Amino acid sequence: MKKIARLLTFVLLAVAFTAFAGCDVMEVKPYVPSEDKYFIFTDVAGADGETIGCAVQYNVAWEGDAPETLKLPTVSGDKPVIAVADGGFSKLNVKSVTVPSSVKTIGANAFKQCKQLEKVYFYSEGNKQGCETIGDYAFSECTSLVDLDLPKSLREIGAFAFEYTALKSLDLPHYVVKVGAFAFNTCTELKNISVAVNLAEVGDGAFSGCSSELVIKVAESNPYFYFKDGKLVKKSA
């Protein structure tokens with residue numbers, strides 16, 4: 001029996017080696033943003049008044065059409081791009097947007113009424129922390145938006161941030177502590193939401209007007225909320 005077992009082990013190893021022979025090591029492609037001609041940059045000051053980075057917005061002076069796919073830059077010169085400016089890309093005819101991990105804040109109305117926007121990607125290189133705050137009305141009335149994978153670093157979603165979008169499911173990441181009022185208002189296709197352990201504050205009407213089949217799965221260890229009769233219910237103190 002021992003000889004048979006050894007023979008089988010040898011055969012399996014040989015098959016495995018043959019199966020992967022000649023395969024190249026998978027390489028992670030570097031992040032390549034869209035051309036700078038599409039963007040304008042403004043300095044962002046820290047608490048002490050010194051410049052800590054810059055905010056990006058669309059270059060309205062650009063006379064050509066906006067690209068269907070837009071990848072936001074990570075730097076402008078020697079300054080990191082740490083924010084998307086308020087209203088910076090509103091009403092833009094773009095189908096997908098990629099937000100790099102350098103961006104910590106997406107400003108109010110940043111992509112409001114981008115009605116052709118279907119996908120928003122949050123690119124993270126390695127273990128770098130990405131976006132932490134999505135501002136009020138940031139993706140409001142993006143009526144084609146169906147594909148959204150929120151970054152693990154996210155902590156706060158502003159009021160009306162995703163109202164009137166076409167989202168069907170939503171995973172709120174582990175560190176999200178606040179969802180603003182009417183954040184997902186009238187997302188009529190939204191049927192499944194997963195709520196992690198740290199969510200502590202949910203504004204009025206955050207999930208109002210969603211699908212009548214909406215199910216919110218709350219982490220058992222969440223000390224603040226539970227789901228009952230189609231609603232997210234605050235636990236008693």
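Fair warning: this is a prediction, and the values are worked out from it, not measured in the lab.

The rules behind each value
Residues numbered from 1 in each chain as written. Predicted model: local features only at pLDDT ≥ 70, side-chain atom pairs only at ≥ 80, totals over all residues. Heavy atoms only, no water. Helix = DSSP H or I, 4+ residues; strand = E, 2+ residues; numbered from the N terminus. Buried < 20%, exposed > 50% of the residue type's maximum accessible area, 1.4 Å probe, protein only. Contact = heavy atoms within 4.5 Å. Areas by Shrake-Rupley, 256 points an atom, 1.4 Å probe, with all protein chains shown as cover. Core = buried A, V, L, I, M, F, W, Y, C linked by side-chain atoms within 4.5 Å. Salt bridge = Lys/Arg side-chain N within 4 Å of Asp/Glu carboxyl O. Pairing = 2+ DSSP bridges. Axes fitted to C-alpha atoms, helices over the stretch in contact; angles between N-to-C directions. Polar contact = N/O pair within 3.5 Å; in protein donor to acceptor, adjacent residues only side chain to side chain. Phe/Tyr/Trp six-rings, centres within 6.5 Å; stacked < 30°, edge-to-face > 60°. Lys NZ or Arg CZ within 6 Å of the ring centre and 35° of its normal.

S.K.: Just to check I follow, could you spell out the overall build of the protein for this structure?
M.R.: Per the secondary structure count, the protein includes one helix and 18 strands. The proportion of buried residues among the 237 residues of the protein is 37%. Here the contacts in the protein between residues at least 6 apart in sequence split such that 42% fall between residues at least 24 apart. Approximately 13800 Å² of the protein is accessible, and the part contributed by carbon and sulfur atoms is 54%.

S.K.: Is there a simple way to think about the nonpolar core in this case?
M.R.: Most often, soluble globular proteins keep nonpolar side chains buried together rather than apart. Grouped together as the largest cluster of nonpolar side chains are 54 residues, with contacts concentrated most on Ile 106, Ile 134, Phe 139, Phe 162 and Phe 184. Counting only elements with at least two residues in this core, the list comes to β2 (51-58), β5 (79-84), β6 (96-99), β8 (119-122), β14 (192-195) and β16 (215-218). If you tally residues by element for this core, the top one is β2, at three residues. Sequence-distant contacts of Ile 106, defined by excluding residues within four places in its chain, comprise Val 84, Val 99, Phe 111, Phe 122, Cys 131, Thr 133, Ile 134, Gly 135, Ala 138 and Phe 139.

S.K.: Sorry, what's going on with the pattern of salt bridges here?
M.R.: Pairs may arise between side chains of opposite charge once their charged atoms sit close together. Under the criterion given, the structure shown has seven salt bridges. The residue Lys 115 makes a salt bridge to Glu 141 at a minimum N-O spacing of 3.9 Å. Of this pair, Lys 115 sits in the loop between β7 (105-106) and β8 while Glu 141 sits in the loop between β9 (133-134) and β10 (147-148), placing them 26 residues apart in sequence. Given a relative accessible area of 41%, Lys 115 falls into the partly exposed group. Between Glu 156 and Lys 178 there is a salt bridge whose closest N-O contact spans 3.9 Å. Taken together, the positions of Glu 156 in strand β11 (residues 156-157) and Lys 178 in strand β13 (residues 178-179) put the pair 22 residues apart, joining distant regions of the chain. Salt bridges here are not isolated pairs; linked through shared partners, they connect Glu 156, Lys 178 and Glu 201.

S.K.: What is the right way to read the sheet that holds strand β12 (residues 169-171) from this model?
M.R.: With parallel pairing, the three strands of this open sheet are ordered in space as β12-β14-β16. Looking at the sheet topology across the chains shown, the edges are occupied by β12 and β16. Geometrically, the sheet is characterised by an average inter-axis angle of 10 degrees between neighbouring strands, direction not taken into account. Inspection of the sheet shows β12 paired to β14 by three bridges, in the parallel sense. The residue bridging Leu 170 from the neighbouring strand is Ile 193, located in β14.

S.K.: Just to check I follow, could you spell out the pairing of strand β18 (residues 231-234) for this structure?
M.R.: Across a regular strand the side chains alternate sides, sitting on one face of the sheet and then on the other. Where strand β17 (residues 225-228) lies against β18, four bridges are found, and the strand directions are antiparallel. Looking at β18, one finds that Phe 225 is bridged to Lys 234. Here β17 folds back onto β18 in antiparallel fashion, the turn holding two residues, of which Asp 229 has a positive phi close to 50 degrees.

S.K.: In this structure, what is going on with the side chain of Thr 165? I would like to understand it.
M.R.: By the secondary structure assignment, Thr 165 is in the loop between β11 and β12. In this structure Thr 165 comes out as buried when scored by relative accessible area, which is 4%. From its side chain, Thr 165 meets the backbone oxygen of Phe 162 in a polar contact 2.9 Å long.

S.K.: Explanation requested: the packing of aromatic side chains in the structure shown.
M.R.: A ring pair, where both rings are aromatic, is described by two values, the distance of the centres and the angle of the planes. Scanning the model with the defined rule gives 12 aromatic pairs in all. When the centroid spacing of 5.1 Å and the interplanar angle of 5 degrees are considered together, the rings of Phe 111 and Phe 139 count as stacked. Linking Phe 111 in the loop between β7 and β8 with Phe 139 in the loop between β9 and β10, this pair joins segments that are 28 residues apart in sequence. Overall, the relative accessible area of 1% leaves Phe 111 in the buried class. With 5.2 Å between their ring centres and 5 degrees between their planes, Phe 139 and Phe 162 make a pair best called stacked. Of this pair, Phe 139 sits in the loop between β9 and β10 while Phe 162 sits in the loop between β11 and β12, and the two are 23 residues apart along the sequence. Side by side, Phe 139 and Phe 162 carry an identical accessibility label, which is buried. What links up through ring pairs into an aromatic cluster is the set Phe 39, Phe 41, Tyr 58, Phe 89, Phe 111, Phe 139, Phe 162, Phe 184 and Phe 207. It is Arg 155 that lies over the ring of Tyr 175; its NZ or CZ is 5.3 Å from the centre.

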